[in-house]
Amino acid sequence: MEKLLDVKNLSISFETKKGIAHAVRNVSFEVYEGETLGVVGESGCGKSITNLAIMGLLPENAIVKADRLNFKGTELLNLNEKSWQEIRGEKIGMIFQDPMSSLNPCYTVEYQIDEVLKIHKPELNKEQRKEKVLSLLKDVGIPAPNERLKSYPHELSGGMSQRVMIAMAIACDPKLLIADEPTTALDVTVQGQILDLLSKLQKTKAMAVIFVSHDLSVVRDITDKIQVMYAGEVIESGSTEEVINEPRHPYTKGLLDSIPNFHKKNTELYSIPGIVPDLLNRPNGCQFAKRCFNRSDDCEEALPNIEQRDNRSLRCLHPVVTEGIKE
Amino acid sequence: MSVLTVEHLKTYYPVIGNRDGDVVKAVNNLSFDLKENQTLGIVGESGCGKSTLAKTLMGLESKTDGKIFFGEKDSDNISAKERYQYIQMVFQDPLDSLNPRKKAWEIITDPLMINKKVSKNECIKKAAELMELVGLRSEGLHKYPHMFSGGQRQRLGIARALVLNPKVLILDEPVSALDVSIQAQILNLLKDLQRKMKLSYIFISHDLSVVNYIADETLVMYLGRVCEYGPSELIFGKPFHPYTKTLLKSAHISNSEEIKNFPKLLDTELPSPLNPPSGCFFHTRCPVAKEECSNFAPMLEEKKERQVSCFLE
């Protein structure tokens, strides 16, 4: 399989009145063709910022540094706005969390999907584009697509709007689709349908997907690899099954233990003590040390490096030895 | 002992601009019974009437028909003040439901000021007690809501709901806006408070694993009606109604082969509550519907130790 996205030591910081906030620090990962990478972590851990950097959508006060930020051989770091336009929407598609607020309420569904084609596929004429819009709506499972063309976003339900968003994101057959919490705002029945749709599209279109979510049960079901982030750093990554069944980083274990287990009802839930560190004033050593149950003195001295050990990357000096949380 | 009994509760909304007197039946003939120190979970998709039910119980929305009993007392015969000393509510979004211009102690003791004559000093003292009870440091008494984190704000909301010593708390999606690790803290806190203060909860959520964790009994709603109502072990362990099975299947939490292999919904969209289907409301989406389902509405009956409205045997 070919390497699609290659990120090496990506750091993103913001200049604020109180100083420089390091939102993302030395994040490295790779995405191969056709693969699904799940990114999990609490709010503010840098999941979305990393994706915005890949899409070139960061605000102007962001300072981005990286050894490599490479998409299919193109270095993304120093692209100008025009070259970004060619990648965004055409080669990398993105779906946002809240479909209602991501669609423009003033334009019809047809207009909004057509706009993508107008920009990226100038060779198509009006009729061809209309045909393409119709087939896209069919692909994402919208019933009676002909009648839906002239609908405005407020006439659609949440699930339908998310399908329209997906249609827009896949309009140009991107090689990589970034889905940032695509089902968080949806009902559980609709969530199931959208996940099914994403997996189906991924297979038929041979796309790679970066799937961001805080819901580990969703991530477990649809991803191949998983990457856990904490305070802007990747702290553990590996194959989804291995990481979820045998978490080694205390934070990953804590996250998994704090989900109510369907089969163990009357036990108290584990909750991670403390709060995330202040990004303006980070501690010296391991960022998680203050909240960790496995901490010892050396944890707070220096930041542990991320190390590869049997198919697993881990940033921890004292990993947990798990007996395996199997169901 | 029952602390809250609801009998044939109906809340209808008139349709604006419609002259035929059409109504949306947001809560349609709902009956249940909440016992002391117990938790009733209410689940269903958005638009099924969960939040309308909560508002009706609180008296924020007036009921169209039916009875609500707070212990022995009929809700028609009690004043708003009495009602709020009996039942209180915690809202979904902790930031939206706290007044940004008030300090923590003012937020917590507002209900006290309104309902009882209490001096400022007593209020501050009471607020400090409550903050400690919900796991907040009393240094925060004079802070504003934006100075707290999401989880801490939800603790403030809980403290405010507890200040009048109510018997019943309505929790409307109390953890949906929170991260999983914070969610666990709040769930533990709620369980703990229930033990200490003998509280009864109505826990509204769309997250089935959370409801399964916290609720003793569960009520599954669909378009304002009850699908299935009974002990949580049965509802989640051996669901009967096809809608309950669908919910469990979509949530990916059950290990049972029957749930995993349960057929998909026929129609992905919830029918319009303005114009609900004939017969059983669920028949347009039900993968196991029969002919009679579209003609007759099933009654809520006792089947396999729970109440179900379905023709299946």
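All of these numbers come straight from a predicted model, not from anything done at the bench.

1. Focus on the overall build of chain B
When helices and strands are tallied, chain B shows 11 helices and 12 strands. Computed over the C-alpha atoms, the radius of gyration of chain B is 21 Å, within 12% of the 20 Å expected from 2.2 N^0.38 for a compact globule of 313 residues. Put simply, chain B has 313 residues, and 53% of those count as buried. Taking the contacts inside chain B whose residues are at least 6 apart along the sequence as the reference set, 64% of them involve residues at least 24 apart. In the structure as shown, chain B presents an accessible area of about 14,100 Å², 49% of it carried by carbon and sulfur atoms. The averaged location of the 39 negative side-chain charges in chain B is 6 Å from the averaged location of its 40 positive side-chain charges.

2. So, the interface of chain A and chain B
Each partner contributes to the interface: chain A provides 31 residues, whereas chain B provides 35 residues. Across the interface of chain A and chain B, roughly 3,000 Å² is buried in total on both sides, 51% from carbon and sulfur atoms. At the junction of chain A and chain B, the tally comes to one salt bridge. In this structure, A:D196 and B:K264 form a salt bridge, with 3.8 Å as the shortest nitrogen-oxygen distance. Summed over the shared surface of chain A and chain B, the result is seven residue pairs in polar contact (both at pLDDT 80 or more). The set of elements that each furnish at least two residues to the side of chain A that touches chain B consists of α7 (158-169), α8 (188-205) and α9 (216-222) of chain A. For the side of chain A that touches chain B, the element with the most residues is α8(A), which contributes six residues. Broken down by class, the residue content of the side of chain A that touches chain B amounts to 10 nonpolar, 12 polar and nine charged.

3. Looking at the sheet that holds strand β10 (residues 225-231) of chain B
For sheets, the rule is that strands pair by backbone hydrogen bonds, running either parallel or antiparallel. Residues and elements named next belong to chain B. The strand order across the open sheet formed by eight strands is β6-β7-β8-β3-β9-β10-β12-β11, and the pairing between neighbours is mixed. In this open sheet, the two edge strands, each paired with only one partner strand, are β6 (87-90) and β11 (301-303). Direction aside, the axes of adjacent strands within the sheet are offset by 20° on average. In this structure, β11 lies alongside strand β12 (residues 306-308), joined through three bridges in antiparallel fashion. Directly across from K303, in β12, lies its bridge partner R306. Contacts between helix α5 (residues 150-162) and the sheet are confined to β6 and β7 (168-172), with β6 contributing the most and set at about 170° to the helix.

4. Structural notes on the pattern of salt bridges
All names here are of chain A. All told, the structure shown has 32 salt bridges over all chains when counted by the stated rule. A salt bridge links E42 to R291; its shortest N-O distance comes to 3.7 Å. Here the residue E42 occupies a position in the loop between β3 (36-40) and α1 (47-55), and R291 occupies one in the loop between α11 (250-257) and β12 (307-309), the gap between them amounting to 249 residues. By relative accessible area, R291 is classed as buried at 5%. Close ionic contact of D257 with K253 constitutes a salt bridge, the shortest N to O distance being 3.2 Å. You can see D257 and its partner K253 sitting in helix α11, four residues apart, about one turn around the helix. Classification of D257 by relative accessible area gives partly exposed; the value is 27%. On the accessibility criterion, K253 (15% relative accessible area) is buried. What you see here is one network of salt bridges that share partners, running through K3, D6, E30 and R68.

5. What to know about unusual backbone geometry
Excluding glycine, most residues fall at negative phi; most peptide bonds, likewise, are trans. Residue and element names in this part refer to chain B. Residue N165 is not a glycine yet carries a positive backbone phi of 55°. Structurally, N165 is set in the loop between α5 and β7. Residues other than glycine seldom take positive phi values, yet L223 does so here, at roughly 45°. As for its position among the elements, L223 is in the loop between β9 (217-222) and β10.

6. What to know about the environment of A:F71
Residues and elements named next belong to chain A. With respect to the element layout, F71 can be found in strand β5 (residues 68-71). For the pair F71 and P99, spaced 28 residues apart in sequence, the C-alpha separation works out to 26 Å. Residues within four places of F71 in sequence aside, it is in contact with L4, L5, L76, K91, I92, K175 and L176.

7. Focus: the domain arrangement of chain A
Residue and element names in this part refer to chain A. Split by domain assignment, chain A resolves into domain 1 (3-223) and domain 2 (247-327). Measuring from the centre of the C-alpha atoms in domain 1 to the corresponding centre in domain 2 gives 29 Å. In this complex, domain 1 contributes 13 residues to the contact, which on the side of domain 2 involves 13 residues. Carbon and sulfur atoms supply 53% of the area that domain 1 and domain 2 bury against each other, a total of about 1,000 Å² over both sides. On the domain 1 side of the interface with domain 2, the three residues burying the most area are R25, E42 and L216, jointly 50% of the side's total. On inspection of domain 1 and its partner domain 2, the count reaches one salt bridge. Connecting domain 1 to domain 2 are two residue pairs in polar contact (both at pLDDT 80 or more). Mapped by element, the contributors of at least two residues to the side of domain 1 that touches domain 2 are β2 (19-32) and α9. When residues in the side of domain 1 that touches domain 2 are grouped by element, the largest group, seven residues, is from β2.

8. Description of the domain arrangement of chain B
Residue and element names in this part refer to chain B. Structurally, chain B comprises domain 1 (41-59 + 79-215) and domain 2 (238-313). Here the C-alpha centre of domain 2 lies 33 Å away from the C-alpha centre of domain 1. Taken residue by residue, the interface counts seven residues in domain 1 and seven residues in domain 2. Summed over both partners, the interface of domain 1 with domain 2 buries about 520 Å², with 67% contributed by carbon and sulfur atoms. Interface area lost by domain 1 to domain 2 is led by E45, L208 and S209, which between them contribute 74%. Between domain 1 and domain 2 we count one salt bridge in total. With a shortest N-O distance of 3.1 Å, E45 and R285 are connected by a salt bridge.

Quick notes on the rules
- Residues numbered from 1 in each chain as written.
- Chains lettered and ligands numbered in written order.
- Predicted model: local features only at pLDDT ≥ 70, side-chain atom pairs only at ≥ 80, totals over all residues.
- Heavy atoms only, no water.
- Helix = DSSP H or I, 4+ residues; strand = E, 2+ residues; numbered from the N terminus.
- Rg over C-alpha atoms; globule rule 2.2 N^0.38 Å.
- Buried < 20%, exposed > 50% of the residue type's maximum accessible area, 1.4 Å probe, protein only.
- Contact = heavy atoms within 4.5 Å.
- Areas by Shrake-Rupley, 256 points an atom, 1.4 Å probe, with all protein chains shown as cover.
- Lys, Arg positive; Asp, Glu negative; His and termini not counted.
- Charge placed at Lys NZ, Arg CZ, Asp CG, Glu CD.
- Buried area = accessible area lost by both parts, 1.4 Å probe.
- Salt bridge = Lys/Arg side-chain N within 4 Å of Asp/Glu carboxyl O.
- Polar contact = N/O pair within 3.5 Å; in protein donor to acceptor, adjacent residues only side chain to side chain.
- Nonpolar A, V, L, I, M, F, W, Y, C, P; charged D, E, K, R; others polar.
- Pairing = 2+ DSSP bridges.
- Axes fitted to C-alpha atoms, helices over the stretch in contact; angles between N-to-C directions.
- Domains from an automatic or database assignment.

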